[in-house]
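So the chains spell out like this:
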Amino acid sequence: MTMLKIENLHARVEGREILKGLSLTVNAGEVHAIMGPNGAGKSTLGNVLSGRDGYEVTEGTVSYNGVDLLTLAPEARAAAGVFLAFQYPVEIPGVNNTYFLRAALNAQRKVRGEKELDSMQFLKLVREKLKVMQISDELLHRAVNEGFSGGEKKRNEIFQMAVLEPQLAILDETDSGLDIDALKQVAQGVNTLRSPHRAFLMITHYQRLLDYVVPDFVHVLADGRIVESGDKSLALKLEEHGYADIGAGAAA
Amino acid sequence: MSQPARLPLFESLLEASLPSSGIAWLDAARQENLQAFAEGGLPDTRVEAWKYTALRALGQRRFATVDTAAAAATVDPARLALPGVDGMRLVFVNGVFSAELSRLDDMPAGVTLQPLSQALRGDSEALRFSLSRHYREPGDAFARINAASARDGVVLRVAAGVRIARPVQLVFVGAATGSELAWHARNVIELAEGAELSLVEQHLGGDEANQLATLVCDVEVRAGARLQLALLQNAASGCNLIRRSSLRLHAGAEVGMHVLELGGALVRHDLQAELIGDAARLHTRGVFMPHGRQHMDTQLAIRHQALNTTSNSTWRGVASDRARGVFRGAIVVAPGADGSDASLGNKNLLLSASAEIDTKPELEIYADEVKAAHGATVGQLDERSLFYLRSRGMVLAEARALLTAAFCRAMLDDLPNEPLREHLSTLLLDQLPMA
Ligand SMILES: Nc1ncnc2c1ncn2[C@@H]1O[C@H](COP(=O)(O)OP(=O)(O)OP(=O)(O)O)[C@@H](O)[C@H]1O
Ligand SMILES: [Mg+2]
């Protein structure tokens, strides 16, 4: 079943066109890897899909489970199951990590007409999820991402994903800056959630993650468009030859 | 200057002139200050310290004097309760001492806590220095009004070396009566050498209490004494509250202050501190949160006048609706105050397009080897943080409330009294427009 259908998407940031006719279809159950040179527009795609202000869509459509995703506020998209693991998670001093996550989960549940979790129920859920994604208790009690190391921030993103159980998870370079154990944990976090009802868009620069989370498709995003798509072997090819040939192919 | 003698405000104060106190120097001081106000009137916005706070409208108002009925206005004692604050308590209703609401039994040895009106009946000479002050600046109009008109207030003294564990509470209630009242309170507080005290000053108001209240507070912190001072200003929405505190810190004295400005209509707070003894330390944290059409003006003036003195001040403002905030922080490191360390920060948030905050840090250094830092900003909530919270499902209003609360609550982080800190946090949250 088609979950996400992006057609001819054009988007501008600060008056500059970054996405230039991007099309992509993602079905439930699939894992798509998106690779591409720096500045190609990968994070922009994640931001546009999750509804960040300042990203102006000038052309094209995005349908998510049959609804026009672009008309929804960011929180409505979250409640509908869209999750973005940030390339650069934001530090929010003074806002407790656990408090925030429970408030977020309950806000989503409220929209979906589900019962809100009290602190005991939430604690139980957190313990369960900690089995998948190891992060220390101490981090949970700190302010959101405040003073977290780069790797801890990335792990926290995956931990949040595990708790929020989205349908469509967009992971923006969650593998960057991780040590090998953390990378395996992140991969395990994704694999645990993998299901016929969920889909993943994994933005990455490295083939290595794809050894642990085997994608169904690999796409190359260059200059605001998907210029080539293939299976896992495309990632291996890119690892060897870089983007030079791909760019040429797209221009032709 | 406006034509003072014709100001309705002045006329109403004149009518309210106090009867003779029977103390010649006090009557003279009152008379002098009334005269000074008659001549000087209210400062206009050309006076630097009043640049952003216009007093024209206030000068046109008339306020009634506090009569027996006004003094007897009922106040629910439950409203005075503050978590973590269970020591002695002195309460004034519309500026008049309320024995009924106060809690003065159990006074520890070495402490004097009594209403000024009583203290004057005793050893009035001890108050002469404080109550005979002349106010010379053009901006001092309200201090003059206060000196001319205050009939009561707090006298609090802690003897040398005495440590008071339980926080002392000073409460000023503006209770609604049939008329628009003016009332005034004069506080004289002294911690002798090595004394320790935690003090909570609270301003409350009944709805519909349209008033003018002035408060002048002198605080003398002698060598090695330590004072924790929390100020919770939650006056009625119709209350014009003009407050001045002057602190003097002697050698090695330490003062930690936390200020929360929530209520009132026109609120002005002049906080003046002089670090006159070597190694004196002042730590201030404050939040002002004007909403609706409130106007809150905080003027912080810190003078380092001795060696190795430290002041560290961080204030935050949050203005919503059509409210206005003003912050001026002036630090002077006087000649000879070598080795001093002064820092002052003021960050502000505007939650609506019609809200306004004007902030101005000023730093003047005339000494050597001084460490000084200051900065001020006015802005909106961080867009990245907002998006992060929303991307996890938090609705916009809730995300804004959470970030704003965190912004303000940081000012309470180092308030030592935990139950009080929690309580103030809650008040702060309740004040947020989107909460
Ligand atoms: N908020 C913004 N303001 C200004 N320019 C932006 C903004 N967001 C993105 N851009 C610009 O858009 C282009 C694409 O940025 P984007 O972050 O999407 O690239 P990316 O493919 O994720 O790159 P990387 O691999 O380095 O993360 C870049 O040139 C970037 O400078
Ligand atoms: Mg990126």
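Analysis parameters
Residues numbered from 1 in each chain as written. Chains lettered and ligands numbered in written order. Predicted model: local features only at pLDDT ≥ 70, side-chain atom pairs only at ≥ 80, totals over all residues. Heavy atoms only, no water. Helix = DSSP H or I, 4+ residues; strand = E, 2+ residues; numbered from the N terminus. Rg over C-alpha atoms; globule rule 2.2 N^0.38 Å. Buried < 20%, exposed > 50% of the residue type's maximum accessible area, 1.4 Å probe, protein only. Contact = heavy atoms within 4.5 Å. Phe/Tyr/Trp six-rings, centres within 6.5 Å; stacked < 30°, edge-to-face > 60°. Lys NZ or Arg CZ within 6 Å of the ring centre and 35° of its normal. pLDDT = per-residue confidence, 0-100. Pairing = 2+ DSSP bridges. Axes fitted to C-alpha atoms, helices over the stretch in contact; angles between N-to-C directions. Polar contact = N/O pair within 3.5 Å; in protein donor to acceptor, adjacent residues only side chain to side chain. Buried area = accessible area lost by both parts, 1.4 Å probe. Salt bridge = Lys/Arg side-chain N within 4 Å of Asp/Glu carboxyl O. Donors = N, O, S within 2.8 Å, 3.2 Å for Na, K, Ca; no water. Near = heavy atom within 4 Å. Areas by Shrake-Rupley, 256 points an atom, 1.4 Å probe, with all protein chains shown as cover. Domains from an automatic or database assignment. Parallel < 35°, antiparallel > 145°, perpendicular 65-115°, else oblique. Left-handed = near helix turned anticlockwise from the far one by under 90°. Nonpolar A, V, L, I, M, F, W, Y, C, P; charged D, E, K, R; others polar.

Focus on the overall build of chain B
Logical step 1: A tally of regular secondary structure across chain B gives ten helices and 19 strands.
Logical step 2: In terms of C-alpha radius of gyration, chain B reaches 21 Å, essentially the compact-globule figure of 22 Å for 435 residues.
Logical step 3: Along the first, second and third principal axes, the C-alpha atoms of chain B reach 70 × 50 × 45 Å.
Logical step 4: Here chain B holds 435 residues, and 58% of them are scored as buried.
Logical step 5: Taking the intrachain contacts of chain B between residues at least 6 apart in sequence as the baseline, contacts between residues at least 24 apart amount to 84%.

Considerations on the packing of aromatic side chains
Residue and element names in this part refer to chain B.
Logical step 1: Evaluated as defined, the whole model comprises nine aromatic pairs over all chains.
Logical step 2: A cation sits over an aromatic face here: Arg316 above Phe407, 4.7 Å from the ring centre.
Logical step 3: Looking at Arg392, its charged tip hangs above the ring of Tyr388, at a distance of 4.8 Å from the centre.

Observations concerning the confidence of the model for chain A
Logical step 1: Averaged over every residue, the pLDDT of chain A is 92; the share at 70 or more is 98%.
Logical step 2: Counting interchain partners and residues more than four positions distant, the pLDDT-below-50 stretch residues 248–252 of chain A has one contact.

As for the sheet that holds strand β11 (residues 217–222) of chain A
Residues and elements named next belong to chain A.
Logical step 1: Strands sit in the order β6-β9-β10-β3-β11-β12 across an open sheet of six strands; the sheet is mixed. Pairing within the sheet leaves two strands with one partner each, and these edge strands are β6 (82–85) and β12 (225–230). Here the average twist between neighbouring strands, direction ignored, is 20°.
Logical step 2: Where β11 and β12 come together, five bridges link them in antiparallel fashion. Counted as the bridge partner of His219 is Ser229 from β12.

Brief notes about the side chain of Ser311(B)
Logical step 1: Looking at the element boundaries, Ser311(B) is found in strand β15 (residues 310–319).
Logical step 2: A polar atom in the side chain of Ser311(B) sits 2.8 Å from the side chain of His304(B).

Side note on the environment of Phe10(B)
All names here are of chain B.
Logical step 1: For Phe10, the location among the structural elements is in helix α1 (residues 8–15).
Logical step 2: For Phe10, a relative accessible area of 7% puts it in the buried group.
Logical step 3: Along the primary structure Phe10 and Thr284 are separated by 274 residues, whereas in three dimensions their C-alpha atoms are 34 Å apart.

Describing the interface of chain B and chain A
Logical step 1: At the interface, 19 residues of chain B touch 32 residues of chain A.
Logical step 2: Summing both partners gives a buried area of about 2000 Å² for chain B against chain A, and 64% of it is carried by carbon and sulfur.
Logical step 3: In terms of surface lost to chain A, no three residues of chain B exceed Phe387(B), Tyr388(B) and Arg392(B), which account for 39% of the buried area on that side.
Logical step 4: At the surface where chain B touches chain A, the tally comes to three salt bridges.
Logical step 5: Note that Glu75(A) and Arg390(B) form a salt bridge whose closest N and O atoms lie 2.7 Å from each other.
Logical step 6: At the boundary of chain B with chain A, the tally comes to eleven residue pairs in polar contact (both at pLDDT 80 or more).

A word on the coordination of the magnesium ion (ligand 2)
Residue and element names in this part refer to chain A.
Logical step 1: Listed as protein donors to the magnesium ion (ligand 2) are Ser43 (OG) and Gln87 (OE1); their distances from the metal cover 2.0 to 2.1 Å. In this pair, Ser43 sits in helix α1 (residues 42–50) while Gln87 sits in the loop between β6 and β7 (92–96), placing the two residues 44 residues apart along the sequence.
Logical step 2: On the accessibility criterion, Ser43 (24% relative accessible area) is partly exposed.

So, the site of ligand 1
Residues and elements named next belong to chain A.
Logical step 1: In the region of ligand 1, 16 residues are neighbours, and Gly39, Lys42, Ser43, Thr44 and His205 sit closest.
Logical step 2: The contact in question runs from an oxygen atom of ligand 1 to an N or O atom on the backbone of Ala40, over 3.2 Å.
Logical step 3: Here an oxygen atom of ligand 1 sits 3.0 Å away from a polar atom, N or O, in the main chain of Gly41.
Logical step 4: Expressed as a share of its isolated accessible area of 640 Å², the protein-covered part of ligand 1 is 69%.
Logical step 5: At the level of secondary structure, the elements contributing two or more residues to the shell around ligand 1 comprise β2 (16–27) and α1.
Logical step 6: When residues of the shell around ligand 1 are assigned to their parent elements, the largest contribution, three residues, is made by α1.

Quick look at the sheet that holds strand β11 (residues 254–261) of chain B
All names here are of chain B.
Logical step 1: Spatially, ten strands are ordered β2-β1-β5-β7-β9-β11-β13-β15-β17-β19 in an open sheet, and the strand pairing comes out mixed. Both outer strands of the open sheet, β2 (96–97) and β19 (371–379), are each paired with one neighbouring strand and no more.
Logical step 2: Of the strands in this sheet, β13 (281–288), β15 and β17 (341–350) touch helix α9 (residues 396–409), which is tilted by about 155° from β15.
Logical step 3: Against the sheet, helix α10 (residues 418–431) contacts β7 (196–205), β9 (226–234) and β11, and its axis sits at roughly 25° relative to β9.

A closer look at the domain arrangement of chain B
Residues and elements named next belong to chain B.
Logical step 1: When its domains are assigned, chain B resolves into domain 1 (8–277) and domain 2 (382–435).
Logical step 2: With 13 residues of domain 1 at the contact, the number on the domain 2 side is 13 residues.
Logical step 3: Summed over both sides, the interface of domain 1 with domain 2 buries roughly 1000 Å², with 73% coming from carbon and sulfur.
Logical step 4: One can count zero salt bridges joining domain 1 with domain 2.
Logical step 5: If you look at where domain 1 meets domain 2, you find three residue pairs in polar contact (both at pLDDT 80 or more).
Logical step 6: For the side of domain 1 that touches domain 2, the secondary structure elements donating two or more residues are β9 and β11.

A short note on the packing of α1(B) against helix α2 (residues 24–40) of chain B
Residue and element names in this part refer to chain B.
Logical step 1: Taken N-terminus to C-terminus, the directions of α1 and α2 make an angle of 165°; their axes are 11 Å apart at the nearest point. Accordingly, the angle class assigned to the pair α1 and α2 is roughly antiparallel. By crossing handedness, the relation of α1 to α2 is classed as left-handed. Where α1 approaches α2, its residues Leu9, Phe10, Leu13 and Leu14 are matched on the opposing element by Leu34, Phe37 and Ala38.
Logical step 2: For the contact of α1 with α2, the class distribution of residues is seven nonpolar, no polar and no charged.

Some remarks on unusual backbone geometry
Peptide bonds are mostly trans, and most non-glycine residues show a negative phi.
Logical step 1: Phi at Asn8(A) is positive, roughly 50°, even though this residue is not glycine.
Logical step 2: Position of Asn8(A) among the secondary structure elements: in strand β1 (residues 2–13).

Topic: the pairing of strand β8 (residues 211–221) of chain B
For a regular strand, side-chain orientation follows a simple rule: the groups alternate between the two sheet faces.
Residue and element names in this part refer to chain B.
Logical step 1: Most of β8 is tucked away: eleven of the eleven residues are buried.
Logical step 2: Neither face of β8 is open: one carries Gln211, Ala213, Leu215, Cys217, Val219 and Val221, the other Leu212, Thr214, Val216, Asp218 and Glu220, and all of them are buried.
Logical step 3: Sheet topology note: the β8/strand β10 (residues 239–249) ladder contains eleven bridges and is parallel. Note that in β10 the partner of Val221 across the bridge is Leu249.

Structural notes on the packing of helix α8 (residues 383–391) of chain B against α9(B)
Residues and elements named next belong to chain B.
Logical step 1: For the pair α8 and α9, interaxial distance at closest approach is 9 Å and the crossing angle is 130°. The angle between α8 and α9 falls in the class oblique. Crossing of α8 over α9 shows right-handed handedness. Together, Ser385, Leu386, Leu389 and Arg390 of α8 and Leu396, Ala399, Arg400, Leu402 and Leu403 of α9 make up the contact between the two elements.
Logical step 2: Considered class by class, the residues forming the contact of α8 with α9 number six nonpolar, one polar and two charged.

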